[in-house]
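# Descriptive analysis of the structure
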Amino acid sequence: MSDLEGLTGLWSRFLAWLTRRMPSERQRLLVFTIVAGGMCGLAAVAFHGSIQILEKLMIERANWAPGHWWIFWTILTPGLGGLVVGLGLTYWVPAAAGSGIPQVKVAYELRSGLVSLRETVGKFVLCAVQLGSGASLGLEGPTVQICAGVSSLLARGARLSPVYQRRMASVGMAAGIAAAFNAPIAAITFTLEELIGDLDQTMLSGIIVAAALAAVVEHRIRGGNPIFHVPRPYELVHSSSLVWYALVGVLAAVVSVAFQESLLWLRARFKQWTAVPKWVHPAMGGLATGALAVLGFQFFHHNGIAGDPYGTLTWALTGTMPLALMASFCVLKLAATVCSYSSGGSGGIFAPALFMGAMLGGSVGWLDVAVFHHSSDEIGAFAVVGMGAVFAGIIRAPMTSILIVFEMTGGYGLVLPLMIANMSAYALARHWRPLQIYEALLEQDGIHLPHGGAQPEAPPVYPGNQTEDATV
């Protein structure tokens, strides 16, 4: 008997034992929700650790190559990573492209929560390569797709009904966000705002349990401190600064709409461009990202465009980053992320949104200092508020945008500025561009999701995923 057959037999005996002791499917759902929370936390830790290792081996080595070779390697490395990912997406797992959030929404609405094993493994491998090579994308959305795949695998292995398999998709999303940001409360609100909309008490309890367990696992292995370290808790010191915080909200809406429009426009051009093979497109986006990263290095001697953006973002939150660098990096990051995502790469937009927001908010903070002669320490507070405002404008999850900033920075003294900026950015962006970015991306692919939780009789499969293995 092979090892696989032995594991299959062991799993079957475990299910039989569990069914005898827990005949109710609701009881089994609770058990596997707890298991999913822990396993999603472990999967997220493994995914994030893999990205860090690949970044050290690839983009960081390119950035510090001797002489002028760093220019060549900083441009080429994201291109090579994009080439590998393009081949994988074209010939192995097409559904691993993009953020991961739209794919989970499709799985939840149209496929009874089904995220296949191939899709899960493919997202893990290809996104790790893409980010490790220097793509200007984030790991948070992919973490959600990977965790949704883990929860889907458990649900199908436990032979839960399609209704409960669908609920397990929401468990995976909550666990993924909690593990990615160390922010379990924001994970719950994001799952409610972005995926579910309406829910019953059983679903809410499952989401809370999974988010908490995933965050605990992440805390135990990687540490429990907030993702960003700020020198001191920020708070609203001068009421006159509210004028500038309102301006942050308006400008965040402008940046959000510009980002969405340019991303959708360039993505449509790539889709129509058949002269170059599709598997080459991510490499072209990677080369463009590398060139933009070289500009940032050449003129400002600092990174943040290609590779891990959180180090540069943390610097912005201290309030000591120069104005020219913050304004320039906001534009460079927008352009690099549009190139990386629109060309068909695998990665999310959460981290770029937070990065652009911090740079935008810090730039407005410099205006506050120049006009009102307030302390330069407040520039960091504007950067914190800018993070939430651009996140709200792009992702259109206003409650999550406030809570995620609180949990990621560990500070709660900017409640009023955050509410003013975030709601202004959300309302204006929604007025100028009513369709939320994930729905716009799906519509560009010809997918129109039902609202209100309705499911079709025969759930379709995400384009490019028709041949994926749907078994455990």
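For the structure, check the block above.
Residues numbered from 1 in each chain as written. Predicted model: local features only at pLDDT ≥ 70, side-chain atom pairs only at ≥ 80, totals over all residues. Heavy atoms only, no water.

### Side note on the side chain of Lys123
Residue position: Lys123 is located in helix H6 (residues 117-132). The side chain of Lys123 is buried and forms no salt bridge, while Glu119, the nearest opposite charge, is found at 7.7 Å. A polar atom in the side chain of Lys123 sits 2.6 Å from the backbone oxygen of Gly98. Not counting residues within four places of it along the chain, the set of residues in contact with Lys123 comprises Phe47, Ala96, Ala97, Gly98, Ser99, Gly100, Ala128, Pro142, Gln145, Ile146, Ser346 and Gly347. (Helix = DSSP H or I, 4+ residues; strand = E, 2+ residues; numbered from the N terminus. Buried < 20%, exposed > 50% of the residue type's maximum accessible area, 1.4 Å probe, protein only. Lys, Arg positive; Asp, Glu negative; His and termini not counted. Salt bridge = Lys/Arg side-chain N within 4 Å of Asp/Glu carboxyl O. Polar contact = N/O pair within 3.5 Å; in protein donor to acceptor, adjacent residues only side chain to side chain. Contact = heavy atoms within 4.5 Å.)

### Some details on helix H8 (residues 162-181)
Taking 1.5 Å of rise per residue, the 20 residues of H8 would be expected to cover 28 Å, and the 29 Å separating its terminal C-alpha atoms lies within 8% of that figure. Within H8, 18 of the 20 residues are buried, which leaves the element mostly enclosed by the surrounding structure. Looking one or two residues beyond H8, the residue adopting positive phi is Asn182, at roughly 55°. (Expected span 1.5 Å × (residues − 1).)

### Considerations on the packing of aromatic side chains
Considering all chains together, one arrives at 13 aromatic pairs under this definition. Here the aromatic rings of Phe72 and Trp73 are separated by 5.1 Å at their centres, their planes lie at 75°, and the arrangement is edge-to-face. By relative accessible area, Phe72 is classed as partly exposed at 41%. Every member of this aromatic cluster is reached through a ring pair, and the members are Phe181, Phe190, Phe350 and Phe391. A cation over a ring is seen here: Arg166 above Tyr108, with NZ or CZ 4.0 Å from the ring centre. For Lys333, the ring lying beneath its charged end belongs to Phe355, and the centroid distance is 5.1 Å. (Phe/Tyr/Trp six-rings, centres within 6.5 Å; stacked < 30°, edge-to-face > 60°. Lys NZ or Arg CZ within 6 Å of the ring centre and 35° of its normal.)

### Description of the packing of helix H11 (residues 242-272) against helix H19 (residues 437-444)
Contact geometry of H11 with H19 gives a least axis separation of 11 Å together with a crossing angle of 15°. With respect to their mutual orientation, H11 and H19 come out roughly parallel. Crossing of H11 against H19: the hand is right-handed. Every residue of H19 that contacts H11 at Phe259, Gln260, Leu263, Leu264, Arg267, Ala268 and Lys271 is listed here: Ile437, Ala440, Leu441 and Gln444. Grouping the amino acids of the contact of H11 with H19 by side-chain chemistry returns seven nonpolar, two polar and two charged. (Axes fitted to C-alpha atoms, helices over the stretch in contact; angles between N-to-C directions. Parallel < 35°, antiparallel > 145°, perpendicular 65-115°, else oblique. Left-handed = near helix turned anticlockwise from the far one by under 90°. Nonpolar A, V, L, I, M, F, W, Y, C, P; charged D, E, K, R; others polar.)

### Thoughts on the packing of helix H7 (residues 140-157) against H8
It is at 7 Å that the axes of H7 and H8 come closest, and there the two elements cross at 140°. As for the relative orientation of H7 and H8, their crossing is right-handed in sense. Two secondary-structure elements touch here, H7 through Glu140, Thr143, Val144, Cys147, Ala148, Ser151, Leu154, Ala155 and Arg156 and H8 through Gln165, Met168, Ala169, Gly172, Met173, Ala175, Gly176, Ile177, Ala180 and Phe181.

### Structural notes on unusual backbone geometry
One non-glycine residue, Arg159, adopts positive backbone phi at about 55°. Tracing the backbone shows Arg159 in the loop between H7 and H8. The phi torsion at Asn182 lies on the positive side, around 55°, for a residue other than glycine. Mapped onto the elements, Asn182 comes out in the loop between H8 and helix H9 (184-196).

### Quick word on the nonpolar core
Within the largest apolar cluster, 120 residues are counted, with the highest numbers of intra-cluster contacts made by Met168, Phe181, Phe259, Ile394 and Ile395. Of all the elements, H8 adds the most residues to this core, at twelve residues. Residue contacts for Ile395: discarding those within four places in its chain leaves Phe190, Glu194, Ile349, Phe350, Gln436 and Tyr438. With six residues, the next largest nonpolar core counts Leu89, Ala96, Leu126 and Val129 among its residues. (Core = buried A, V, L, I, M, F, W, Y, C linked by side-chain atoms within 4.5 Å.)

### A word on the environment of Val255
Looking at the secondary structure, you find Val255 in helix H11. Between the C-alpha atom of Val255 and that of Ala353, which follows or precedes it by 98 residues, the distance is 9.6 Å. Aside from chain neighbours lying at most four places away, what touches Val255 is Leu334, Met356 and Leu360.

This is a description of form; function is not addressed.
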